[in-house]
Each structure stands twice: as C-alpha cells, then as structure tokens.
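Letter by letter, the chains look like this.
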Amino acid sequence: MSLRSQPLAPATRVVAAGRPPREPGASVGPAVEFTSTFVAGGECAYARFANPTWTAFEEAVGSLEGGSALAYASGLAAIAAVTGTVPHGGTVLAPRHCYNGTGALLEQLQGAGRLVLRRADIADTAAFIDAMDHVDLVFLESPTNPMLEVADLPTLAKAARESGIRTVCDNTFATPLLQRPLDLGVDVVVHSATKYLSGHSDLLLGVLVTRSEDLRDHLHTARTLGGAIPGPMEAWLALRGLRTLHLRFERACANAAELAARLVDHPAVARVRYPGFGAMLAIDVRDGREAAQAVEQSVQLWLPATSLGGVESMIERRRRQPGEPVTVPQELLRLSVGVEDVEDLWRDLDAALSSSRAS
Ligand SMILES: *Cc1c(COP(=O)(O)O)cnc(C)c1O
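In what follows, the accompanying structure is described. These numbers come from a predicted model, not from an experiment. (Residues numbered from 1 in each chain as written. Predicted model: local features only at pLDDT ≥ 70, side-chain atom pairs only at ≥ 80, totals over all residues. Heavy atoms only, no water.)

The next subject is the overall build of the protein chain. For the protein chain, the count of helices and strands is 12 helices and 12 strands. Since a compact globule built from 359 residues should have a radius of gyration of about 21 Å, the 21 Å found for the protein chain is in line with a globular shape. Referenced to the eigenvectors of the C-alpha coordinate spread, the extents of the protein chain come out at roughly 70 × 50 × 35 Å. Residue pairs in contact within the protein chain that sit at least 24 positions apart in sequence constitute 67% of those at least 6 positions apart. Split by element, the accessible area of the protein chain, about 15,200 Å² in all, is 54% carbon and sulfur. Treating the 33 positive side-chain charges of the protein chain as one cloud and the 41 negative ones as another, the clouds have centres 1 Å apart. (Helix = DSSP H or I, 4+ residues; strand = E, 2+ residues; numbered from the N terminus. Rg over C-alpha atoms; globule rule 2.2 N^0.38 Å. Contact = heavy atoms within 4.5 Å. Areas by Shrake-Rupley, 256 points an atom, 1.4 Å probe, with all protein chains shown as cover. Lys, Arg positive; Asp, Glu negative; His and termini not counted. Charge placed at Lys NZ, Arg CZ, Asp CG, Glu CD.)

This next bit is on the nonpolar core. If you look at the biggest cluster of nonpolar residues, it comprises 60 residues, and the most contacted ones within it are F57, L263, W302 and L353. Of the residues forming this core, the biggest block, 8 residues, is contributed by helix 10 (residues 245-263). Non-local contacts of F57, meaning those with residues more than four positions away in its chain, are made with A71, A193, L205, V207, A235, A238 and L239. Of all hydrophobic cores here, the second largest spans 23 residues; its members include A81, V86, V92 and L215. (Core = buried A, V, L, I, M, F, W, Y, C linked by side-chain atoms within 4.5 Å. Buried < 20%, exposed > 50% of the residue type's maximum accessible area, 1.4 Å probe, protein only.)

What follows concerns the packing of aromatic side chains. The full count for this structure, using the stated rule, is 2 aromatic pairs. An angle of 70 degrees between the planes, with centres 5.7 Å apart, marks the rings of Y46 and F49 as edge-to-face. By relative accessible area, which is 33% here, F49 ends up partly exposed. Over the ring of Y99 we find K195, and its NZ or CZ is 5.3 Å from the ring centre. Positioned above the aromatic ring of Y72, the side-chain terminus of R223 is 6.0 Å from the ring centre. (Phe/Tyr/Trp six-rings, centres within 6.5 Å; stacked < 30°, edge-to-face > 60°. Lys NZ or Arg CZ within 6 Å of the ring centre and 35° of its normal.)

Near the ligand there are 14 residues, and of these G75, L76, D170, T194 and K195 occur at the shortest range. At 2.6 Å from an oxygen atom of the ligand is found a side-chain nitrogen or oxygen belonging to T194. The leading source of residues in the shell around the ligand is helix 3 (residues 75-83), at 3 residues. Residue composition of the shell around the ligand, by class: 6 nonpolar, 6 polar and 2 charged. (Near = heavy atom within 4 Å. Polar contact = N/O pair within 3.5 Å; in protein donor to acceptor, adjacent residues only side chain to side chain. Nonpolar A, V, L, I, M, F, W, Y, C, P; charged D, E, K, R; others polar.)

In this section: the packing of helix 2 (residues 52-65) against helix 9 (residues 232-242). In the contact formed by helix 2 and helix 9, the axes pass within 8 Å of each other and the chain directions differ by 35 degrees. When the axes of helix 2 and helix 9 are compared, the crossing they make is left-handed. Note on element contacts: helix 9 touches helix 2 through P232, A235, W236, A238, L239 and L242, opposite T53, W54, A56, F57, A60, V61 and L64. Broken down by class, the residue content of the contact of helix 2 with helix 9 amounts to 12 nonpolar, 1 polar and no charged. (Axes fitted to C-alpha atoms, helices over the stretch in contact; angles between N-to-C directions. Left-handed = near helix turned anticlockwise from the far one by under 90°.)

Here the focus is the pattern of salt bridges. A complete count under the given rule lists 20 salt bridges for this structure. Between D183 and R180 there is a salt bridge, with the nearest N and O atoms lying 2.9 Å from each other. Residue class for R180 comes out partly exposed when judged on its relative accessible area of 27%. Residues E316 and R320 are paired through a salt bridge, measuring 3.1 Å at the closest nitrogen-oxygen approach. Overall, E316 belongs to the buried group, its relative accessible area being 1%. (Salt bridge = Lys/Arg side-chain N within 4 Å of Asp/Glu carboxyl O.)

In short, the description is geometric, and any link to function would need to be established separately.
Okay, here's the thing in structure tokens:
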C-alpha cells in the first residue's frame, strides 16, 4: 500500500514519505546517488532524466502537496519551467507584489517579446479576476513576498478554471502544512525548497507539483531537455531538512505570532504586516528608510541577509533590492522568524528598534 493512499497526517508524511522500500538490510533513508549515468536496462538511464535521490525528495513533497512533484535546481528554475508552458506571445497575470525574482523573470521575458505581463493586486479578488481577461497563465502567490497580502485562492482558482486558464501558486511562505493549493483548485504548486522545506539556509532547490499527468510529463521532458536539474546532494540535504519541517515550522510560527503581537505596540513601528499565520512578517519602521537601515545594521542575533525560511531569523529592508516594486515602502523590514528562543529574538529586535528612534 503506498503512503499516498493512506490517510496520514501531514506531520507523519513529513517523516515517512520518500523512504526506500522496507526490505531486510535496506537503509532507512535514501543514499546520495552520485552518478552521471546508470548501467543500461534499469529504471534510470542517464542522470539528467532522473536520479533516485531526487525521486525520494519528489515523493515526499508530492505526498505533502497531494500531487506529483518534479525537482529543479532552484525555485526560480521551477518558476521558469512552468512559465515555459505559456504559448509564444501569450499573457501572464501576476500579483502586483510577489517574489521579486518572479517579477524580474517575467519582465525580462516580456522585454524579449516572449510573453506579455499583466499585474494586478492579488488581495483585491474582483480586480484580479477582471485582469484574467485573455490570459494564458495566472501566477498566484499567497501570502505575498514581502507585503504579506493574502489571496482568496479558491475563488481565484475557480474563476481561472472557468475561463480555461492554468493557475500556478507559489506556496513557499505557507508551506503544505498551512495551505494545499491543489486542494483549493490550483493546477500547479511551486516552492522555493531553498526556504522552509529544506529549512537550513544551506542549499538552493525548487519544486513543481501538479495532479495533471499530461502536464507532469510535459514538464519532465522540458526539464530533461532544458537541463535545469538539481544536484543529488541538494536533493538529499533538502529531504533531510524536510523531515523536521513540522517541528521547525510550528516553533517559527509561534515565535512570529508572539513577535507580531508585541511589535504592534512598539513605538518605533508604524505598521505590522502579519497575515495571522506563518512565520513571515514585515514591519514599517516609523522613522523611515534610514531608521529601517539602522535597525538592519544594529541587530546582533537576527541575520541581515536576503532569504527566509531557515532555522535562523533573518531581517531585510527589501527596497535595498533594485528589483523590488516602488509600492513596497522604503521603510519596510521583512522578518523571517526562525526557531530561536523568542525572548532572545525580541530583546535583540526591541533594542535595535529603540535605538533607531533615538538616532
Ligand atoms: C526565494 C523565493 C523564490 C525563488 O527561489 P530560489 O530557490 O531562490 O530560486 C521564489 N518564490 C519565493 C516566494 C521565494 O521566497
């Protein structure tokens, strides 16, 4: 009986999915298969087509999201792969705010004449649906990076489906533990597995998950020919990290909820952007851009770094990235809350915020 057909809780799937067949003497986890090719006649022919270490990771993520998964060299490679399904000259609808690499990729493809990019406010359900007119692919992200806007995914997915438009949802922030977009009617889920799924800020990896066998086969062929494949070591590390996703994420979410509640009352904070779930939040620093920069520079425990979803807490003023939309406030700090002791995180952040006021 396969794990996929059993009614297992997500926390069990995190631990149990993607293991080798239980046979006497078998290892309990997959080996790292360092090979470029395989002796002819078996399941794997050449390591650009498939690798047993990816397969184990793909099985685990597929089990969590409820579909069939394909691993990619990075989150953006996965996003590029699904964007590749848009017909030449087709139109892509994307959120006004989303991961800025996604926006930059789509803009670059638009500049090259490959596709037309349209953007709309994903938190405004009616406006986003209006913008679906003559669209070939709807790109969803919820909560959004870095503004933490929340989309009504079931309604948006339904509207797109009724118009025959394929939907993709970046589920990096919520993880399959909080949101399963395929269950909500979305066609393809994408993750930057660099973030929560692997969870230790030590690798880059991406993944696509879908229930459509045709689409999966098409994407698999495109991955084989495009060559944007992950290394076996990354896939192995990601699966090792995934085994504790529920524990890490539970602590990180609890820390984020506590910090969000305290930050609302902080005199140096003008606004807290926290959707009420997850471990990402953003704050608008009251005294503006320089004060936000000072906070980023004076924290001792929080790491001033771009990226998120690791066990270590990170802070970043997003507008320091040239690609970030101008509608993201200059004074916005994005916080990726890790699994440290919440009092230590608070003390460090509170001190940095308070000194930003004084300066
Ligand atoms: C980081 C990130 C990506 C890109 O993933 P990489 O693994 O860095 O290529 C895509 N979407 C979101 C929401 C991200 O945070």
